[in-house]
Amino acid sequence: MFYSCISAQKIYDENMSVQYTRMPLTPLKTNERVFFPKATIAYEEAIKQQQQLEAQQHNKAIAEWKIQCNKIESEYQAAWKVYQSYIEKGKYMDPPVKQPCPPEPVANQTYIARVYTPTEITTRLEIDGFNKALAADSNIRVEVILLGFQYNKPTLKITEKSIKQKDGSVTKVPYYQYEIQNKHPMSLKVIGIDNTVVFEDNLTEFNTFRTATTDLFESQAALDVYWNANQNKFLGDLDQTTTNQNLTTINIMLNDKYGYSPRTYNVDVFSVKEKKHGYDDFERAFIAAKDGYRRLNSGDDTYKESLGKAIKEWETAVQQADVNNRKARINANVASVAYLNLAEAYMWMGEYNKAYTALDQVNLIGKGKYEREASSIKSFMDDYKKREEANQ
């Protein structure tokens, strides 16, 4: 990637990937990084009762239907006997007409929330850097309480699309779909090794309805045909999707607070090329910095020695800065990338005050694209420093 300056300098960079462990914001007090995952399916009994009630209602309807059909049959057989006796006596009467039995009652087709097994939930819970325990014992416990998938009656939405005709005219054509408001409320609890509640939250974001939509159809009749045939599959898939999304959010929350998460950070190491001015110092720093970041990745503590050499070259260069002179060797653009290099290097050396000072200098120079780079570095460093301090 190249940044072309107004003057003759060519500023370029090489992207270096730094592997690091993101520390927890609120580290858990434990001798071993082990936790016991637990899932409480709080709505299971309510679903069972609902299913039992619907089964009872359906069985009652079937029994009443059978009685009605049997009555129709009995009345018909009695009428037929009367008819037969009239015929045998030589008399005439119209034969009886058997009334049809009404359709057999159909079980309730309304979708009922899926009852997940605890194992389906606990297998999804992960805290980076922790192993899972098979029993609670004296381990940290993480409990997710599921309150069950909920949805409202579908509402019709009509969307008009502009369709261009062959003659060039535009016709607005209505399309039909259903919107379904849905949610799966859950709460989260973390209990420490001393049996105290470390964290407990009703997770209000999961109690807010989200909107799902069907595909678009050219008529409401076509939409209704689709919905009548597929609503249970649609809602079942939506139940699963919503539950999975919630569990993903919970994992992100757990790892943000308690995890030791492997991460990759991309460092841009800048250098400069130009015929008129010499930039051997930037090239030396460029080589030393890349060597330092490679050593950092391999866990070699001598990375600080290499980064220190690069820092010395950049610090000397910025002392020569003339940011108001575009033709200067260390003009505004060159000074900006030198300060960005310094900020990154000082950060990984743990010298945060010097890193923040370097970023301040980038902002004082005021080159927009480098200010944006500085803002990105600062956001990362704020979080990285806060986590490091929380684990001291």
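Shown above is the structure to which this text applies.
Attention in this report is confined to the structure presented alongside it. Predicted model, so just to flag it, every value in this text is computed and none were measured. (Residues numbered from 1 in each chain as written. Predicted model: local features only at pLDDT ≥ 70, side-chain atom pairs only at ≥ 80, totals over all residues. Heavy atoms only, no water.)

1. A word on the environment of tyrosine 86
Line of reasoning, step 1. Residue placement: tyrosine 86 occurs in helix α1 (residues 44–88).
Line of reasoning, step 2. By relative accessible area, tyrosine 86 is classed as partly exposed at 36%.
Line of reasoning, step 3. Leaving out residues up to four positions away in the same chain, tyrosine 86 has contacts with Lys91, Tyr92 and Met93. (Helix = DSSP H or I, 4+ residues; strand = E, 2+ residues; numbered from the N terminus. Buried < 20%, exposed > 50% of the residue type's maximum accessible area, 1.4 Å probe, protein only. Contact = heavy atoms within 4.5 Å.)

2. Some remarks on the state of the cysteines
Line of reasoning, step 1. Counting across every chain of the model gives 1 disulfide.
Line of reasoning, step 2. Bridging cysteine 69 to cysteine 101, the disulfide has an S-S length of 1.5 Å. Of the two residues, cysteine 69 sits in helix α1 while cysteine 101 sits in the loop between α1 and α2 (118–122), which places them 32 residues apart along the sequence.
Line of reasoning, step 3. For cysteine 69, a relative accessible area of 14% gives the class buried. (Disulfide = S-S within 2.5 Å.)

3. Some words on the side chain of aspartate 268
Line of reasoning, step 1. Inspection of the secondary structure puts aspartate 268 in strand β12 (residues 261–273).
Line of reasoning, step 2. At 3.1 Å, the side chain of aspartate 268 forms a polar contact with the side chain of asparagine 15. (Polar contact = N/O pair within 3.5 Å; in protein donor to acceptor, adjacent residues only side chain to side chain.)

4. Some remarks on the sheet that holds strand β10 (residues 197–201)
Line of reasoning, step 1. Across the sheet, which stays open at both edges, the 5 strands sit in the order β4-β3-β5-β9-β10 with mixed pairing between neighbours. At either end of the open sheet lies a strand with only one pairing partner, and these are β4 (131–132) and β10.
Line of reasoning, step 2. Two strands pair when backbone bridges link them, and strand β9 (residues 186–191) and β10 are joined in this way by 4 bridges, in the antiparallel orientation. Counterpart to leucine 188 in the pairing with β10 is aspartate 201.
Line of reasoning, step 3. Relative to the sheet, helix α3 (residues 220–258) contacts β5 (140–146), β9 and β10, its axis offset from that of β9 by approximately 30°. (Pairing = 2+ DSSP bridges. Axes fitted to C-alpha atoms, helices over the stretch in contact; angles between N-to-C directions.)

5. Side note on the nonpolar core
Line of reasoning, step 1. In terms of nonpolar packing, the biggest core is built from 50 residues, with Phe282, Tyr293, Trp314 and Trp348 touching the most fellow members.
Line of reasoning, step 2. Here the element with the most residues in this core is helix α6 (residues 332–349); it accounts for 13 residues.
Line of reasoning, step 3. Excluding residues that lie within four positions of it along the chain, tyrosine 293 makes contacts with Met16, Val18, Val267, Val269, Leu307, Glu344, Ala345 and Trp348. (Core = buried A, V, L, I, M, F, W, Y, C linked by side-chain atoms within 4.5 Å.)

6. Quick look at α3
Line of reasoning, step 1. For α3, with 39 residues, the first-to-last C-alpha span of 50 Å runs short of the 57 Å given by 1.5 Å per residue.
Line of reasoning, step 2. Where α3 bends most, the angle comes to about 70°, and this point is asparagine 230. (Expected span 1.5 Å × (residues − 1). Bend = angle between axes of the 7 residues up to and from the residue.)

7. Describing the packing of helix α4 (residues 280–297) against α6
Line of reasoning, step 1. Their axes nearest at 12 Å, the elements α4 and α6 cross at an angle of 25°. Classified by the angle their axes make, α4 and α6 are roughly parallel. Judged by the twist between their axes, the crossing of α4 over α6 is left-handed. For the pair α4 and α6, contact is made by Phe282, Tyr293 and Leu296 and by Val334, Ala338, Glu344, Ala345 and Trp348, respectively.
Line of reasoning, step 2. Taken together, the residues of the contact of α4 with α6 break down into 7 nonpolar, no polar and 1 charged. (Parallel < 35°, antiparallel > 145°, perpendicular 65-115°, else oblique. Left-handed = near helix turned anticlockwise from the far one by under 90°. Nonpolar A, V, L, I, M, F, W, Y, C, P; charged D, E, K, R; others polar.)

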